2 protein chains.
Amino acid sequence: MPQSFVVIIAGGRGERFWPLSRRARPKHLLDVVGSGTLLAQTLRRVARVVPPANTLIITGAEQERALRAACPGLPAQNIVVEPAARNTGPAVALAGALVAARDPQGTFAVLPADHVVNDVSAYRRDLEAAFAVAAAKDVLVTLGIRPTSPVTGFGYIRRRDRSVRAGGRRFFRIDRFVEKPPLAVARRYVAAGDYLWNAGMFVWRVDHLDAALHTHAPELRAAFVPVRAALAAGTERGVKAALRAAYRRVERISIDHALLEKATNGVVLPATFDWDDAGSWAAMGRHLPADPAGNRVSGDGVVIDGAGNVIVSPPGHVVALLGMSDCVVVQTPDATLVMPRGRAEDVRSVVAHVERLPAGRRWL
Amino acid sequence: MPQSFVVIIAGGRGERFWPLSRRARPKHLLDVVGSGTLLAQTLRRVARVVPPANTLIITGAEQERALRAACPGLPAQNIVVEPAARNTGPAVALAGALVAARDPQGTFAVLPADHVVNDVSAYRRDLEAAFAVAAAKDVLVTLGIRPTSPVTGFGYIRRRDRSVRAGGRRFFRIDRFVEKPPLAVARRYVAAGDYLWNAGMFVWRVDHLDAALHTHAPELRAAFVPVRAALAAGTERGVKAALRAAYRRVERISIDHALLEKATNGVVLPATFDWDDAGSWAAMGRHLPADPAGNRVSGDGVVIDGAGNVIVSPPGHVVALLGMSDCVVVQTPDATLVMPRGRAEDVRSVVAHVERLPAGRRWL
């Protein structure tokens, strides 16, 4: 019987969550909200769907060491390092090669490592439904999130009314994928009711993915044919060399652009679980418990005469805010960031600034 | 020939400069502005007037260890620990006892440890002029600072037109000492032109001080008679016991209240040196170099899109402010303070708050 797999894409350069995240410790390795790192929480959710032997992680060299230490429950060979960051297109093609080497008719989910999901039962039910339909039909499943506000930072998916029914769920045919829209457009999408957020969660059978890549992204697919051969041959050195060669060939492209916007067999399952990408310190802060004045603190923080602040500090280090409101303070042993909550999307500019300091790389 | 002495009062609970200052490291042991700690800068200035053998420091038990380490150039017995903090009245009486034991007709200056003075030559000239007049005449000299703004945090001295001339300088008879005034009153004082700030710098002959205490503060004087006897006997244990007994007897009172407001032989010398008590983080920050946007940084600080900030951080720890203006950030290895510059006078309330935390004393 064909098997199910999960491939977790654990990339990121650690910029939006500086100074707590660094190049060697991107967002999914942060332990700020929930229990354990976001990656550990993702692994716990996934473990209810597939066994560790069928759980793979694709990551980058800078964070490999920290990531391996964070995943003691996974077989070492299930953590695969990309020779270069080339966005999700090549990562998904690599995921396909890895799964095909284990089961040429396997079904697999591509999942981000660093999202916040609390309803793990609904998450499991949705994933299992997606696995079932992908195993049975030639469809490329995207899990869609019902938009709660006109966010401009996500891509949107417009569904059709036509759907594939399976296991009591409706998988809607996809009309189109839309890039991050301007605010006015995002408002229209939310009002329309037939748009969903694209959160980067996909499920498909590896042979169906391969056929779709063959049709819509032949160069991307071709770059990974030698990787498949090397995986079949089974020598670690051969695989590494093939990977280096493949990543020299491929362009930097998302799987949305490379494949999904062109494919005609896409379907979307509206997710029934809560979901947040917690993509900034302000967003992450909303998952911390609030005091009556709306201050949210992880660690030893004290707010005097102030409301709506977010403090993230290691235990044993006290951060005291006097007369400050709606600010974010992130404290680490060698770097501190202070900003209004409304500037949380601009942390990358701080990282760029710090990088230009003499010896600035010590803080990256 | 009678000798000159300097007695530096190095007290303080380290509250206004938390978190960098602590109970064991009050303001005068901070190394933020100028070269070395404020105490070291005071000692360097004083060394141009009297030799180290004639320089004494009166301090408290909590900071004794750090203070002794900070003053390797002073004879160990010149650092004297008060058994309890009782304001400047008892400290000056103790200073008198210590000087009298060395020279019953010695002249001594009482100087704070933690002020900022840059014009060391004028400082020396003013002190030497004060020493000269105090050695020659039965006057109690206060150095007065010409007010530059209607500060409400200092006491004021109203001078008369009558003066004592000595060494080409005029020492004005004092009409009265005034407590920290409300703003409207302070404005009147500054406009009037015959008011000076009382910065706690005094010069007198020890026998003249003793006579004045005998007249105006007999209980305070009496409490220290056994200390004088013990100092004459010369056993360390006897001195310590006498000190403990004296400090049990005396009330908490400033030398202004206890003596100077009542004395009729007070004179004031308008100081010719620059002076700042740098009594808050905002005031201290003004002595740091400013960038074109008026940001003042000690250590590794970075300001992006912000003006008028003060950052104090240890080297190696970067503090990044994004979109913040007119804020003070003080960073230490175990505590961080963030506040608007306008709240810098209220740091004591933060200390009180931190003290009430579970295990809050670790940060004091």
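Being a predicted model, the structure only gives us computed values, none of them experimental. (Residues numbered from 1 in each chain as written. Chains lettered and ligands numbered in written order. Predicted model: local features only at pLDDT ≥ 70, side-chain atom pairs only at ≥ 80, totals over all residues.)

(A) Structural detail: the sheet that holds strand β10 (residues 296-298) of chain B. Judged by pairing direction, the sheet is mixed, and its six strands sit side by side in the order β11(A)-β13(A)-β15(B)-β14(B)-β12(B)-β10(B) without closing on themselves. At either end of the open sheet lies a strand with only one pairing partner, and these are β11 (300-304) of chain A together with β10 of chain B. On average, each strand axis in the sheet is inclined to that of its neighbour by 5°, with strand direction left out of account. Alignment of β11(A) against strand β13 (residues 318-322) of chain A, held across five bridges, turns out to be parallel. By the bridge assignment, A:Asp300 is partnered in β13(A) with A:Val318. Against the sheet, helix α11 (residues 347-355) of chain B contacts β11 and β13 of chain A together with β15 (335-340) of chain B, and its axis sits at roughly 135° relative to β11(A). (Pairing = 2+ DSSP bridges. Helix = DSSP H or I, 4+ residues; strand = E, 2+ residues; numbered from the N terminus. Axes fitted to C-alpha atoms, helices over the stretch in contact; angles between N-to-C directions. Contact = placed C-beta atoms within 7 Å.)

(B) A look at unusual backbone geometry. Note that the residue after A:Trp18, namely A:Pro19, is joined by a cis bond; omega there is 5°. Among the secondary structure elements, A:Pro19 is positioned in the loop between β1 (4-10) and α1 (38-46).

(C) Examining the relation of the copies chain A and chain B more closely. Each copy superposes on the other: chain A lies on chain B with an RMSD of 0.0 Å after a rotation of 180° and an axial shift of 0.0 Å. Here the copies are linked by what is in effect a two-fold axis. Within chain A, the C-alpha atom positioned nearest to the axis of rotation is that of A:Pro333, 3.6 Å from it. Both copies present the same face, since 100% of the interface residues in chain A are matched by interface residues at the equivalent positions in chain B. (Least-squares fit on C-alpha atoms with pLDDT ≥ 70 in both.)

(D) Just the nonpolar core, in detail. Ranked by internal contacts, the top residues of the largest apolar core, which has 246 residues, are A:Val7, A:Ala130, A:Val141, B:Val7, B:Ala130 and B:Val141. Filtering out sequence-adjacent residues up to four positions away, A:Ala130 remains in contact with A:Ala109, A:Val141, A:Leu143, A:Val203 and A:Leu269. (Core = buried A, V, L, I, M, F, W, Y, C linked by C-beta atoms within 7 Å. Buried ≥ 20, exposed ≤ 12 C-beta atoms within 10 Å, placed from the backbone.)

(E) Just the domain arrangement of chain A, in detail. All names here are of chain A. Here the domain parsing of chain A yields domain 1 (4-270) and domain 2 (281-363). On a C-alpha basis, the centres of domain 1 and domain 2 stand 30 Å from each other. Listed by partner, the interface residues are nine residues for domain 1 and 16 residues for domain 2. Here the residues of the side of domain 1 that touches domain 2 sort into seven nonpolar, no polar and two charged. (Domains from an automatic or database assignment. Nonpolar A, V, L, I, M, F, W, Y, C, P; charged D, E, K, R; others polar.)

(F) Up close: helix α3 (residues 88-102) of chain B. If you check α3(B), its first and last C-alpha atoms are 21 Å apart, about what 15 residues at 1.5 Å a residue would give, namely 21 Å. With 13 of 15 residues buried, α3(B) is to be regarded as a mostly interior element. (Expected span 1.5 Å × (residues − 1).)

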